[in-house]
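Take a look at the letters that make up each chain.
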Amino acid sequence: QVQLVESGGGLVQPGGSLRLSCAASGFTFSLYTMSWFRQAPGKEREFVARITSARGTNYADSVKGRFTISRDNAKNTVYLQMNSLKPEDTAVYYCSWLNKWGQGTQVTVSS
């Protein structure tokens, strides 16, 4: 049974940082690309970042240079380090594997 469990969200001031984690189970984590998406209120879910099994990375233009995706295959965990956060980064952040999603973690950027 596949499980994706996100954590690390919260309230942060503009310019601040957060690190999200997604603990995966139920599949051979090291073999697969993992992705982060986000959904802001009233908007569609959008791609944020992905990391391949070979640790190649891709980012949405809106987060490039501020967010870093990484993975720890020993812990079956993918991370999203978010720096220089802006109010427009406020959203529920979801971890994704193939067509599976976690429950999401809320990130709110506000003063």
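The rules behind these values
Residues numbered from 1 in each chain as written. Predicted model: local features only at pLDDT ≥ 70, side-chain atom pairs only at ≥ 80, totals over all residues. Heavy atoms only, no water. Disulfide = S-S within 2.5 Å. Helix = DSSP H or I, 4+ residues; strand = E, 2+ residues; numbered from the N terminus. Core = buried A, V, L, I, M, F, W, Y, C linked by side-chain atoms within 4.5 Å. Buried < 20%, exposed > 50% of the residue type's maximum accessible area, 1.4 Å probe, protein only. Contact = heavy atoms within 4.5 Å. Phe/Tyr/Trp six-rings, centres within 6.5 Å; stacked < 30°, edge-to-face > 60°. Lys NZ or Arg CZ within 6 Å of the ring centre and 35° of its normal.

Engineer: Can you help me understand the state of the cysteines in this one?
Structural biologist: Each disulfide consists of a covalent bond between the sulfur atoms of two cysteine residues. Under the criterion given, the structure shown has 1 disulfide. There is a disulfide in this structure between Cys-22 and Cys-95, and the S-S distance comes to 2.1 Å. In this structure, the disulfide formed by Cys-22 and Cys-95 twists by about -75 degrees around the S-S bond and is classed as left-handed. With Cys-22 in strand S3 (residues 18–25) and Cys-95 in strand S9 (residues 91–97), the pair connects residues that are 73 residues apart, well separated along the chain.

Engineer: Explanation requested: the nonpolar core in the structure shown.
Structural biologist: Note that soluble globular proteins tend to have their nonpolar side chains buried in a common cluster. Of all hydrophobic cores here, the largest spans 29 residues; its most connected members are Met-34, Trp-36, Val-78, Leu-80, Met-82 and Tyr-93. Only S3, strand S4 (34–39), strand S5 (46–51), strand S7 (67–72), strand S8 (77–82), S9 and strand S11 (105–109) provide two or more residues apiece to this core. With residues up to four places along the chain from it excluded, the contact list for Tyr-93 reads Glu-6, Leu-20, Trp-36, Phe-37, Arg-38, Val-48, Phe-67, Leu-80, Met-82, Gly-104, Thr-105 and Val-107.

Engineer: What am I meant to see in unusual backbone geometry here?
Structural biologist: Peptide bonds are, in most cases, trans, and in most cases residues other than glycine have a negative phi. Positive phi, normally seen in glycine, also occurs at Arg-55, with a value near 70 degrees. Along the polypeptide, Arg-55 turns up in the loop between S5 and strand S6 (57–59). Positioned with a positive phi, Leu-98 is a non-glycine residue whose angle comes to about 50 degrees. The topology assignment puts Leu-98 in the loop between S9 and strand S10 (100–101).

Engineer: I tried to follow the environment of Val-92 on my own but got confused; where do I start?
Structural biologist: Relative to the helices and strands, Val-92 resides in strand S9. Counting along the chain gives 84 residues from Val-92 to Gly-8, while the straight-line C-alpha distance between them is 11 Å. Residues within four places of Val-92 in sequence aside, it is in contact with Phe-37, Arg-38, Gln-39, Gly-104, Thr-105 and Gln-106.

Engineer: Got a minute to help me understand the packing of aromatic side chains in this structure?
Structural biologist: Two aromatic rings are characterised by how far apart their centres lie and by the angle between their planes. For the structure shown, the criterion picks out 7 aromatic pairs. Judged by centre distance (3.9 Å) and plane angle (10 degrees), the ring pair of Phe-27 and Trp-97 falls under stacked. Taken together, the positions of Phe-27 in the loop between S3 and S4 and Trp-97 in strand S9 put the pair 70 residues apart, joining distant regions of the chain. The burial state of Phe-27 is the same as that of Trp-97; both residues are buried. Measuring from ring centre to ring centre gives 6.4 Å for Tyr-94 and Trp-101, while their planes differ by 90 degrees; the resulting arrangement is edge-to-face. Take Tyr-94: its relative accessible area is 13%, and that puts it in the buried class. Exposure remark for Trp-101: the relative accessible area of 37% places this residue in the partly exposed category. Ring-pair connections join several aromatic residues into one group, and the members of that group are Phe-27, Phe-29, Tyr-32 and Trp-97. Cation over ring: Arg-45 sits above Trp-101, and NZ or CZ is 4.4 Å from the ring centre.

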